Amino acid sequence: MSAASCLLTEDQFLCSICLDVFTDPVSTPCGHNFCKTCITQHWNINVPYQCPNCKKVFNTKPELQVNTFISEMAAQFRQSAQQKASSSSSEQQAAKPGEVPCDVCTGTKVKALKSCLVCLASYCETHLEPHLTASRLKRHQLIEPVENLEGRMCTKHDKLLQLFCKTDQMCVCMLCTVLDHKTHDVVPLKEEYEGKKAELGKTEAETQQMIQKRRLKIQEIKRSVELSKEDADREIAGGVQVFSTLKESVERSQAELIDTIKEKQRETEKQAEGFIKELEQEISELKKRSSEVEQLSRSEDHPHLLQSLPSLNAAPPTKDWTEVSVRPPSYEGTVRRAVNQLEETLIEQLQKLLEAELKRVQQYAVDVTLDPETANPYLILTGDGKKVRDSDVKKNLPDNPERFNTCPNVLAKQSFSSGRFYYEVWVEGKTEWDLGVARESINRKGKIRVNPQNGYWTIWLRNENEYEANAGPAVRLSLKSQPEKVGVFVDYEEGLVSFYDVDAAALIYSFTGCCFTEKLYPYFSPGLSDGGENSAPLIISRVKH
């Protein structure tokens with residue numbers, strides 16, 4: 001028997017239903033062998049009764065005969081395989097914690113190389129060999145070793161989960177599709193797996209793209225911080241230089257003031273010393289004469305006294321000190337003149353700062369063009385969208401929601417919802433104009449009150465030389481000269497809107513602490529023509545750095 005078994009191949013001891021070595025093999029009337037449990041369960045499910053191998057149909061459930069020969073041969077084959085596996089496993093290392101052990105090893109549990117989804121078992125290198133050599137076992141689905149293979153079985157029908165119900169989004173067996181999921185959308189598990197895997201691949205690619213974008217954003221933020229630090233260092237250095245210059249100017253002015261006052265005091269002291277010296281000299285002469293008079297008056301020699309009197313009548317020359325005095329010097333205006341000189345220095349430094357500031361904001365220059373869809377019908381725009389003026393003729397234009405229908409206003413096509421931007425406008429020759437920015441949701445119909453509460457941040461000229469910032473209430477502006485070109489700068493996040501006299505490099509006015517939450521549009525109003533007095537156009541100028 002043992003010799004005979006050696007001549008038989010492994011395929012001859014495999015059940016065609018479970019594809020494993022026979023357990024309690026039985027024969028059907030048509031001569032085919034199966035595990036008793038396998039063929040019994042098969043016929044309990046499938047009616048009429050049919051042989052899984054030759055497809056012969058039996059009208060009644062056939063009586064199964066125990067095949068003792070096959071049973072003995074399968075037992076010997078299984079024992080031989082177990083001995084071989086035991087011998088091989090003794091030479092291999094046991095599975096480590098966290099590794100999936102072989103389910104067949106009887107002694108030392110060796111690390112499994114694969115798990116079989118058909119056998120619901122995991123195999124080491126030795127016990128995996130039949131699945132690699134036996135033709136029927138080759139058809140089994142092998143995966144990387146996993147634990148809890150029972151989870152791959154349908155808990156209700158004890159069948160392999162081979163299908164996926166898309167309706168209930170769950171794995172099902174063949175019986176589930178006939179019973180519980182009969183009308184559902186069911187597809188092979190592999191098909192759903194491949195579809196989901198493709199989706200996961202797409203999701204992974206999208207995730208990696210999102211990660212890359214965020215890494216780039218991190219680099220951008222870091223670069224912004226670096227640039228901010230460079231700007232801060234440059235600003236600190238400039239500020240230190242300016243204040244050092246101012247400090248030196250203050251100290252120099254203070255020293256000059258002290259020297260001036262002390263010089264006046266020294267002159268006063270010198271004059272006083274001269275007077276005192278001269279008076280002391282006269283006192284000395286007068287004391288000498290007084291001594292001579294006193295001595296002569298005590299003489300008892302009559303002839304001598306009378307003969308000496310003529311020489312005493314000639315008194316020493318003296319000065320009339322009645323009107324002589326030392327007046328304290330006047331210091332009136334000394335400090336004021338020193339402060340005036342310091343003020344000139346401050347103004348000079350301030351002008352340099354304004355020039356530097358204007359150069360910095362000009363770096364944010366943008367190309368702005370007028371939007372004809374927003375222009376009042378009386379306004380005339382040039383084709384390039386760079387000039388606008390008022391006329392006495394109303395054009396027949398549709399009154400769309402964006403258009404100003406009463407006030408002679410127009411917005412730019414460009415809008416800004418972050419960052420900084422700057423543009424310049426020629427206002428030369430005009431007696432009236434408005435400039436600034438406006439938020440997207442402003443009212444454009446009827447009479448408009450332009451102030452921040454209504455979404456406008458503007459300045460204007462009225463009556464040739466009356467300048468105001470429309471801050472609500474308006475702020476009168478005192479300008480040293482009438483600007484011919486006005487620069488408008490906006491820092492959205494900082495909430496800042498500043499206006500500059502470009503040629504004079506002077507700040508006209510700044511709105512600070514603004515809270516912007518909408519798009520901002522550059523805003524223009526050339527004012528009414530006023531019978532031709534204000535016919536000059538507003539001209540958007542190219543910024544010259």
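Residues numbered from 1 in each chain as written. Predicted model: local features only at pLDDT ≥ 70, side-chain atom pairs only at ≥ 80, totals over all residues. Heavy atoms only, no water.

Within the chain, the regular secondary structure consists of eight helices and 24 strands. The C-alpha radius of gyration computed for the chain amounts to 56 Å, which surpasses the reference 24 Å derived for 545 residues by more than 25%, pointing to a less compact arrangement than a globule. Its C-alpha atoms put the chain at 195 × 90 × 35 Å along the principal axes. Within the span of the chain, comprising 545 residues, buried residues form 33% of the whole. A fraction of 57% describes how many contacts in the chain between residues 6 or more apart in sequence connect residues 24 or more apart. As displayed, the chain offers around 34200 Å² of accessible surface, 51% of which is attributable to carbon and sulfur atoms. Taking the average location of the 69 positive side-chain charges in the chain and that of its 79 negative ones, the two points are 8 Å from each other. (Helix = DSSP H or I, 4+ residues; strand = E, 2+ residues; numbered from the N terminus. Rg over C-alpha atoms; globule rule 2.2 N^0.38 Å. Buried < 20%, exposed > 50% of the residue type's maximum accessible area, 1.4 Å probe, protein only. Contact = heavy atoms within 4.5 Å. Areas by Shrake-Rupley, 256 points an atom, 1.4 Å probe, with all protein chains shown as cover. Lys, Arg positive; Asp, Glu negative; His and termini not counted. Charge placed at Lys NZ, Arg CZ, Asp CG, Glu CD.)

This part covers the pairing of strand β18 (residues 466-469). In this structure, strand β17 (residues 456-462) lies alongside β18, joined through four bridges in antiparallel fashion. Among the inter-strand pairings, I459 is bridged to a residue of β18, identified as A469. In this antiparallel pair of consecutive strands, β17 and β18, the connection spans three residues, and N463 shows a positive phi of 55°. Where β18 and strand β19 (residues 475-477) come together, three bridges link them in antiparallel fashion. Counted as the bridge partner of E468 is R476 from β19. Between β18 and β19, which follow one another and run antiparallel, lie five residues, and G472 among them has a positive phi close to 65°. (Pairing = 2+ DSSP bridges.)

Okay, the side chain of K430 next. With respect to the element layout, K430 can be found in the loop between β15 (420-426) and β16 (433-439). For the buried residue K430, which engages in no salt bridge, the nearest side chain bearing the opposite charge is E432, 8.3 Å off. If near-sequence neighbours (up to four positions away) are discounted, K430 is found in contact with L461, P526, N534, A536, P537 and L538. (Salt bridge = Lys/Arg side-chain N within 4 Å of Asp/Glu carboxyl O.)

On to the pattern of salt bridges. When the charged atoms of two side chains lie near each other, side chains of opposite charge can form a pair. Within the structure shown, the criterion is met by 20 salt bridges. Note that E263 is salt-bridged to R266, the shortest N-O span being 2.6 Å. Of the two residues, E263 and R266 are both situated in helix α6 (residues 189-297); the distance of three residues between them amounts to about one turn of the helix. Judged by relative accessible area, R266 falls into the partly exposed class, the value being 44%. Between D399 and K445 there is a salt bridge, and its shortest N-O distance comes to 2.7 Å. With D399 in the loop between β13 (387-390) and β14 (410-411) and K445 in the loop between β16 and β17, this residue pair connects regions lying 46 residues apart in the sequence. With a relative accessible area of 51%, D399 lands in the exposed category. What makes K445 partly exposed here is its relative accessible area of 26%. Each of E192, K196 and E199 takes part in one network of salt bridges that share partners.

Averaged over every residue, the pLDDT of the chain is 87; residues scoring 70 or more account for 94%. Considering only residues more than four positions removed or in separate chains, one finds that residues 1-7, a stretch of pLDDT under 50, has eight contacts. (pLDDT = per-residue confidence, 0-100.)

Taken together, three strands build an open sheet; the order of strands is β7-β6-β8 and the sheet is antiparallel. In this open sheet, the two strands that pair with only one neighbour each are β7 (121-123) and β8 (142-143). Pairing of strand β6 (residues 114-116) with β7 involves three bridges; the strand directions are antiparallel. Paired with C116 across the two strands is A121, which belongs to β7.

This next bit is on the packing of aromatic side chains. Per the stated rule, a full pass over the model turns up twelve aromatic pairs. Ring geometry for Y456 against Y523: centres 5.4 Å apart, planes inclined by 75°, an arrangement best described as edge-to-face. Taken as a pair, Y456 in strand β17 and Y523 in strand β23 (residues 520-525) lie far apart in primary sequence, 67 residues in all. With a relative accessible area of 1%, Y456 lands in the buried category. By relative accessible area, which is 1% here, Y523 ends up buried. An aromatic cluster is built from W43, Y49 and F58, whose rings are joined through pairwise contacts. Lying over the aromatic face of W321, K319 brings its terminal NZ or CZ to 4.8 Å of the ring centre. Looking at R462, its charged tip hangs above the ring of W460, at a distance of 3.8 Å from the centre. (Phe/Tyr/Trp six-rings, centres within 6.5 Å; stacked < 30°, edge-to-face > 60°. Lys NZ or Arg CZ within 6 Å of the ring centre and 35° of its normal.)

Over its 109 residues, α6 extends 154 Å from the first C-alpha to the last, a length consistent with the 162 Å expected when each residue adds 1.5 Å. Burial in α6 covers these residues: E192, V242, L246, S249, S253, L257, T268, A272, F275, E282 and L296. (Expected span 1.5 Å × (residues − 1).)

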